[in-house]
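# Residue-level structure breakdown
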Amino acid sequence: MSTAARRSRPNPPPAPERRGVGAGFARWTRRIVVGVILAAIAVVAGTAVRVWQVARIDDWSHADAIVVLGAAQYSGTPSSVFEARLEQAVQLYENGVSDTVVTVGGKQEGDLYTEAAAGKNYLMSRGVPGDAILAVEEGTDTLLSVEAVSREMHERGMSSAVLVSDPWHSLRTRTMARDAGLDAWTAPTRTGPAVFTRESQIHGIARETGALVWYQLTHGSADFPYTAAQ
């Protein structure tokens, strides 16, 4: 056979690639991992949107109690974060939203006052009668505070509450309060460090998104550090 004839013959097709069980398993594992990651991103993004949406709700409907979530206090003086919440509670009380204001929060090691006591003293200095204030001196995080308030309110035959905190904290406190058996809605403060800057707003949404996802997964509390000025 001539050299020209040999060159004219087509090359044989390549042998088919052999795909064993291991290759198929690896392919499905990658798909599952990608699917889990995408689902997690969707959950986190959806939660962040809900945190933002509920932060915009300001419901002044009549309730059995106005509940002020505690924050840092210094020797009985509320921090700027706590003061903003208390001022919102004063406005709600003066507008007849409820005849009862509940302050809540225990104390850290070395503190002379509980958050609840500091809040009650502040409210009294702003003209709210002492007998209209219930100080629940328990709770070192949001979940424990909400559960303590729920117990105290139910013992007194009270079941509805308007919750006062920072806007970004609203969805998590409302979720926890409803899980604890309260008919709860929110009227957050619109002043204070939590809403001062765009940076503090973004931080608040990110913080509460993570904390709420954790609560939904574990029904445990995760009060991440708050970096806004106190």
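Read on for a plain summary of the structure. (Residues numbered from 1 in each chain as written. Predicted model: local features only at pLDDT ≥ 70, side-chain atom pairs only at ≥ 80, totals over all residues. Heavy atoms only, no water.)

## Focus: helix α4 (residues 115-125)
- Every buried residue of α4 is listed here: Glu115, Ala116, Ala117, Ala118, Gly119, Tyr122 and Leu123.
- As for α4, its buried residues are in contact with β2 (73-74), β3 (77-78), α3 (80-94), β4 (101-104) and β5 (133-136). (Buried < 20%, exposed > 50% of the residue type's maximum accessible area, 1.4 Å probe, protein only. Helix = DSSP H or I, 4+ residues; strand = E, 2+ residues; numbered from the N terminus. Contact = heavy atoms within 4.5 Å.)

## Examining a nonpolar patch on the surface
- Taken together, the side chains of Val33, Val34, Ile37, Leu38 and Ile41 present a nonpolar region at the surface, about 450 Å² in accessible area.
- Locating Val33 in the fold gives a position in helix α2 (residues 21-55). (Patch = residues over 30% accessible without salt bridge, like charges linked within 9 Å, V, L, I, M, F, W, Y side chains within 5 Å. Areas by Shrake-Rupley, 256 points an atom, 1.4 Å probe, with all protein chains shown as cover. Salt bridge = Lys/Arg side-chain N within 4 Å of Asp/Glu carboxyl O.)

## What to know about the sheet that holds strand β6 (residues 160-164)
- Strand order across the open sheet formed by five strands is β5-β4-β1-β6-β7, with parallel pairing between neighbours. The two strands at the open ends of the sheet, each matched to only one other strand, are β5 and β7 (183-186). On average, each strand axis in the sheet is tilted by 25° relative to the strand beside it, whichever way the strands run.
- With four bridges joining them, β6 and β7 adopt parallel strand pairing. Within β7, the residue paired with Ala161 across the bridge is Ala184.
- Lying over the sheet, α4 contacts β4 and β5, oriented at roughly 140° with respect to β4.
- Along the sheet, helix α6 (residues 170-179) contacts β6 and β7; its crossing angle with β7, the most-contacted strand, is approximately 175°. (Pairing = 2+ DSSP bridges. Axes fitted to C-alpha atoms, helices over the stretch in contact; angles between N-to-C directions.)

## As for the nonpolar core
- One finds Val67, Val102, Met153 and Trp168 to be the most contacted residues of the largest nonpolar core, which totals 29 residues.
- Among the elements of the structure, α2, β1 (65-68), β4, β5, α5 (142-155), β6, α6 and α7 (198-218) are those that each provide at least two residues to this core.
- If you tally residues by element for this core, the top one is α5, at five residues.
- Beyond its immediate stretch of four places on either side in the chain, Trp168 contacts Val51, Trp52, Ala55, Ala194, Val195, Ser200, Gln201, Gly204, Ile205 and Glu208.
- Counting residues in each nonpolar core, the second largest holds 21 residues, with Ala71, Val81, Leu92 and Ala187 among its members. (Core = buried A, V, L, I, M, F, W, Y, C linked by side-chain atoms within 4.5 Å.)

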